[in-house]
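So you can see what is in the structure, the chains are spelled out below.
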Amino acid sequence: MTSDEELGRIVAELRIAKTDSQEVEVKASVGKLPASIVESVSAFANASGGTVVLGLSEKERFEPSKGFDARRMLDALAGACADKLTPPVRADIRIASFEGASVLIADVPETAPSSKPCYITERGMYKGSFIRTGAGDRHLTHYAIDRLIEERTQPPHDIDVIEEASVIDLDADLLAGVLARQRALHPRVFAGLTDEDAMANLRITDMGTDGTPHPTLAG
């Protein structure tokens with residue numbers, strides 16, 4: 001989550017550059033949520049994520065916008081992220097204090113590769129998918145969208161069983177690290193599994209024709 005200190009640093013850099021950046025989109029957003037905001041959210045989600053700041057005027061050296069209603073914009077932006085984009089974007093949105101005024105900060109996460117592209121639902125995938133370029137958003141090309149779709153799944157040969165190998169051939173230290181990390185990240189899924197079941201769940205191993213576990217190619 002972008003802290004107040006980080007917000008101050010971000011705005012200082014924008015004031016020097018006199019424009020938005022590759023990672024940050026700023027809008028005054030007085031009255032209503034700008035229609036182009038969902039394009040920026042799509043663009044950030046299809047790249048490496050980014051930050052949207054509402055309540056600052058780019059035309060006024062990124063000073064706080066007069067008449068900005070942070071609470072109203074929070075509800076509007078959260079609704080747009082949830083209802084206007086496919087897949088929905090779970091942005092981390094909060095109201096912050098900046099130079100004596102309230103502004104809205106939304107940290108937009110990158111969409112998982114298996115779900116890209118993130119697009120504006122009513123426009124469809126090929127007209128509603130964006131990517132961040134410099135300080136602006138542009139449409140993803142049909143070619144780029146097709147490549148993202150192709151990359152949604154791992155090649156099936158990754159789960160091929162290597163029957164010539166056994167589980168003891170796996171690096172024990174690396175394996176322990178992987179399993180520990182997965183249990184920490186997904187405790188509900190992995191905490192109650194044995195190492196053998198966890199490895200099977202992660203497709204590190206699978207049953208061979210002899211009825212015993214063997215490493216997969218991915219493993």
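Since the structure is predicted, the reported quantities are computational estimates derived from the model, not experimental observations. (Residues numbered from 1 in each chain as written. Predicted model: local features only at pLDDT ≥ 70, side-chain atom pairs only at ≥ 80, totals over all residues. Heavy atoms only, no water.)

Draft legend 1. Examining the overall build of the chain more closely. Helix and strand counts for the chain come out as eight helices and twelve strands. If one aligns the C-alpha atoms of the chain with their principal axes, the spans along those axes are about 70 × 35 × 30 Å. Looking at the chain as a whole, 37% of its 219 residues qualify as buried. Accessible area for the chain stands at about 12400 Å²; split by element, carbon and sulfur atoms hold 53% of it. (Helix = DSSP H or I, 4+ residues; strand = E, 2+ residues; numbered from the N terminus. Buried < 20%, exposed > 50% of the residue type's maximum accessible area, 1.4 Å probe, protein only. Areas by Shrake-Rupley, 256 points an atom, 1.4 Å probe, with all protein chains shown as cover.)

Draft legend 2. Quick look at the packing of aromatic side chains. Per the stated rule, a full pass over the model turns up zero aromatic pairs. Directly above the ring of Y143 sits R147, whose terminal nitrogen or CZ lies 4.4 Å from the centroid. (Phe/Tyr/Trp six-rings, centres within 6.5 Å; stacked < 30°, edge-to-face > 60°. Lys NZ or Arg CZ within 6 Å of the ring centre and 35° of its normal.)

Draft legend 3. The arrangement of the sheet that holds strand β1 (residues 24-27) in detail. Spatial ordering of the open sheet is given by β1-β2-β7-β6, a layout of four strands whose pairing is mixed. The sheet terminates laterally at β1 and β6 (92-98), the two strands that pair on one side only. Strand after strand, the sheet turns through a mean of 20° between neighbouring axes, direction not considered. As paired elements, β1 and strand β2 (residues 50-54) share four bridges and run parallel to each other. Looking at the pairing, V26 lines up with V53 of β2. Sheet strands touched by helix α1 (residues 4-17): β1, β2, β6 and β7 (101-108). Its angle to β6, the strand with the most contacts, is close to 75°. In the packing of helix α2 (residues 37-46) onto the sheet, the strands contacted are β1, β2 and β7, and the crossing angle to β2 comes to about 160°. (Pairing = 2+ DSSP bridges. Axes fitted to C-alpha atoms, helices over the stretch in contact; angles between N-to-C directions. Contact = heavy atoms within 4.5 Å.)

Draft legend 4. Seen up close, the pairing of strand β10 (residues 136-139). When strand β9 (residues 130-133) meets β10, the two strands line up antiparallel, connected through four bridges. Bridge pairing in β10 places I131 opposite R138. Connecting the antiparallel pair β9 and β10 is a turn made up of two residues, with G134 showing a positive phi of about 60°.

Draft legend 5. The pattern of salt bridges, seen in detail. Taken as a whole and judged by the stated rule, the model has twelve salt bridges. The partner of R15 in a salt bridge is E99, with the nearest N and O atoms 3.1 Å apart. Of this pair, R15 sits in helix α1 while E99 sits in the loop between β6 and β7; the two residues are 84 residues apart in sequence, bridging distant segments of the chain. With a relative accessible area of 19%, R15 lands in the buried category. R147 is paired through a salt bridge with E150; the nearest N and O atoms lie 2.7 Å apart. Placement of both R147 and E150 in helix α5 (residues 142-150) is noted, with a separation of three residues, approximately one turn of the helix. (Salt bridge = Lys/Arg side-chain N within 4 Å of Asp/Glu carboxyl O.)

Draft legend 6. Examining the confidence of the model for the chain more closely. With 98% of its residues at a pLDDT of 70 or more, the chain shows a mean pLDDT of 91. Element-level pLDDT for the chain is lowest in helix α7 (residues 187-190), with a mean of 77, against a maximum mean of 98 in strand β5 (residues 85-86). (pLDDT = per-residue confidence, 0-100.)

Draft legend 7. Region of the structure containing the nonpolar core. One finds V41, V52, L54, L77, V89, L104 and V108 to be the most contacted residues of the largest nonpolar core, which totals 26 residues. If we ignore the near neighbours within four places in the chain, the residues touching V108 are V41, F44, A45, G49, G50, V52, V89 and A91. The next biggest cluster of nonpolar side chains, apart from the first, holds 13 residues, and it includes L56, A96, V103 and I105. (Core = buried A, V, L, I, M, F, W, Y, C linked by side-chain atoms within 4.5 Å.)

Draft legend 8. Representation of the state of the cysteines in the model. In total, this model carries zero disulfides according to the counting rule given. C81 takes part in no disulfide bond, and the closest cysteine sulfur, belonging to C118, lies 8.5 Å away. Given a relative accessible area of 3%, C81 falls into the buried group. (Disulfide = S-S within 2.5 Å.)

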